[in-house]
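Below, each chain spelled out in residue letters.
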Amino acid sequence: SERIGKYKSWIFPSLLAMLVCCAVCALTSSATGIVSVPLITALFAWALATAVEDCAVDGFAMACLNSCKEQGSSRWLLAAVNFAQVVGFKVGMFYASVPLWHVHAVYGWMALWAFLAIPIVVVLFMAMIIQEPVQAIVQEYQDASPVALPLIIKQVLGDVFSALRQPNMQQLAALAAMYKVGEKVLLAMYKPFLIDQGYTAQAVGEMVGTYGTLASLAGSMLGAGLLAVVPTKAALASALAIRAVMFAMS
């Protein structure tokens, strides 16, 4: 919608869909221990909505950065956006650990999802207040023209392959892909591993959410410090060495 904005037209429906998923999950009882079809469907829709919202928020942030580029404030704004994304993610991880599990232990299943819906409502109201850059919206809709989906896909693939032909880009893409695949596999297996070791769900949430968040913040500060004093490759090698040691200890 031109009136709402290109990115907010995706952000609003995604947030509303997440609230609906919270309501469905809250009304789906977990007392029997049996995973029901409505619960699985709601969780799948939740994951889809969060993925769409994540992409839209990144695009919204880039639009804001582009609008400030001509004013000479893009550098500090880029730092602020990166800081907000990293710290926001850490705060969300903490919010979803100890406080959330204590709410579930004391007040039950429905209260857990109501508590989880609070930050979604807060973000929804913030999105209503914050305006997209007008120049970006006007240019987007003035330049827009009906394009068939196959042509869009062809253009996107052409841009991707064009980027991969740049010097060292293939090695960088391979490194990033290997890192992300390994990270996702590790995260998917870590919590079941803790459950198999006899930890309760609340203990797992506390360890992963609280202590994991603190360790992640420490890692972020350590990475920033390494980049400030050593070359990028040396900092990356140091981080990989630290992770390898942690794997060996586990």
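Look above for the structure.
I will try to describe carefully the structure that is included in this document. Just so you know, these numbers come straight off a predicted model, no measurement behind them.

**Here we look at the overall build of the protein**
Within the protein one finds 10 helices and 0 strands. Mapped in sequence order, the helices and strands of the protein form the string α-α-α-α-α-α-α-α-α-α. Put simply, the protein has 250 residues, and 21% of those count as buried. Summarising the internal contacts of the protein: among those between residues at least 6 apart in sequence, 68% fall at separations of at least 24. Taken as a whole, the protein presents about 17,400 Å² of accessible surface, with 72% of it coming from carbon and sulfur.

**Let's talk about the side chain of Ser14**
The topology assignment puts Ser14 in helix 1 (residues 8-27). Of the residues examined, Ser14 reaches a relative accessible area of 6% and is grouped as buried. Dropping the residues within four chain positions of it, Ser14 is found in contact with Ala49, Val52 and Glu53.

**Remarks on the state of the cysteines**
Applying the stated rule across the entire model yields 0 disulfides. Not part of a disulfide, Cys22 finds its nearest cysteine sulfur in Cys25, a span of 6.8 Å. Judged by relative accessible area, which is 3%, Cys22 ranks as buried. With no disulfide of its own, Cys25 lies 6.4 Å from the sulfur of Cys21, the closest cysteine sulfur.

**With respect to unusual backbone geometry**
Residue Asn168 is not a glycine yet carries a positive backbone phi of 65 degrees. Along the polypeptide, Asn168 turns up in the loop between helix 7 (149-164) and helix 8 (169-196). Residue classification places Asn168 among the exposed positions, given a relative accessible area of 60%.

Here is what the cut-offs are and how they apply
In this numbering scheme, every chain counts its residues from 1 along its sequence in written order. In view of the model being predicted, local features appear only for residues whose pLDDT reaches at least 70, and side-chain atom pairs are presented and counted only at 80 or more, with totals across whole chains, interfaces and linings using the full set of residues. Side-chain numbers here rest on the full set of heavy atoms in the structure, without hydrogens or water. Put simply, DSSP H or I for four residues or longer makes a helix, DSSP E for two residues or longer makes a strand, and each gets a number counted from the N terminus. Burial here depends on accessible area, computed with a 1.4 Å probe over protein chains only, as a share of the maximum for the residue type. Under 20% is buried, over 50% is exposed, and the range in between is partly exposed. Contact criterion: two residues are considered in contact whenever any of their non-hydrogen atoms come within 4.5 Å of each other. Every accessible area reported is derived by Shrake-Rupley at a probe size of 1.4 Å, with residue values counting cover from the shown protein chains alone. Cysteine sulfur atoms that pair up within 2.5 Å are treated as a disulfide.

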